Amino acid sequence: NSFFNDLPGDSPMATQNPIERNGNIIYIARQAGLTAKEKLSALEKIASEEIDAFNAVNLSTMAYNVGVIWKQVRNRQERESIRTIVDKLLDRVTANAPRKISQFDSQALANTVWSFATVGRADERLFDAVASEAPRKIAQFNPQNPRDPE
């Protein structure tokens, strides 16, 4: 996608550390007025290049954005056209999140699980890790502040 290729080398994103850049690009991918497929492709580009630098917030933000994008697509045919890339992105989350699960706060845990539920996907390894970590974070959960995008 040329949107990301056209960023100048001296743009703020080009000079930030990978974690800051990943967070900003994920936010931009969600807000830039691109199609769902373009947004997901941008996320996939970022993830394929830098997911090893993602921290817990980056991973949960990526998962959350995948869920938000999926939820915004109401057309069945369009959902079918993006399913492969959605699965690929969530595969990247499941490959990285379990080893970093202790870094997830309650919001990150909730956002990650919400995303998987929203797209109708289960992952035993990830859910086992969340189930193991959630009791340690139970005091942080705030049912008065749900973050559903609608």
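Residues numbered from 1 in each chain as written. Predicted model: local features only at pLDDT ≥ 70, side-chain atom pairs only at ≥ 80, totals over all residues. Heavy atoms only, no water.

**Student:** When you look at helix α5 (residues 56-72) in this model, what are you seeing that I'm missing?
**Tutor:** The α-helix advances 3.6 residues per turn, and as a result positions three or four apart in sequence lie on the same side. Between the first and last C-alpha of α5 there are 24 Å, a value that for 17 residues agrees with the 24 Å anticipated at 1.5 Å per step. Burial runs high along α5: 14 of the 17 residues are buried. Of the residues flanking the start of α5, the one acting as N-cap is Asn55, its side-chain oxygen 3.0 Å from the backbone nitrogen of Val57. (Helix = DSSP H or I, 4+ residues; strand = E, 2+ residues; numbered from the N terminus. Expected span 1.5 Å × (residues − 1). Buried < 20%, exposed > 50% of the residue type's maximum accessible area, 1.4 Å probe, protein only. Polar contact = N/O pair within 3.5 Å; in protein donor to acceptor, adjacent residues only side chain to side chain.)

**Student:** Whenever I open this one, helix α7 (residues 106-118) confuses me. Can you help?
**Tutor:** Helix length check: α7 (13 residues) gives 18 Å between terminal C-alpha atoms against 18 Å at 1.5 Å per residue, within 8%. All of the buried residues in α7 are Ser106, Ala108, Leu109, Asn111, Thr112, Trp114, Ser115 and Phe116. Its side-chain oxygen at 3.1 Å from the backbone nitrogen of Gln107, Asp105 defines the N-terminal cap of α7. Phi for Gly120, located one or two positions after α7, is positive at around 75 degrees.

**Student:** Honestly, the pattern of salt bridges in this entry has me stumped. Any pointers?
**Tutor:** Where charged atoms from two side chains of opposite charge approach closely, those side chains can pair. Going through the model one piece at a time under the given rule, you end up with eight salt bridges. Between Glu133 and Arg136 there is a salt bridge, with the nearest N and O atoms lying 3.2 Å from each other. Of the two residues, Glu133 and Arg136 both sit in helix α8 (residues 124-137), three residues apart, roughly one turn of that helix. Look at Glu133 and you get buried, because its relative accessible area is 5%. (Salt bridge = Lys/Arg side-chain N within 4 Å of Asp/Glu carboxyl O.)

These figures come from the coordinates and say nothing about function on their own.
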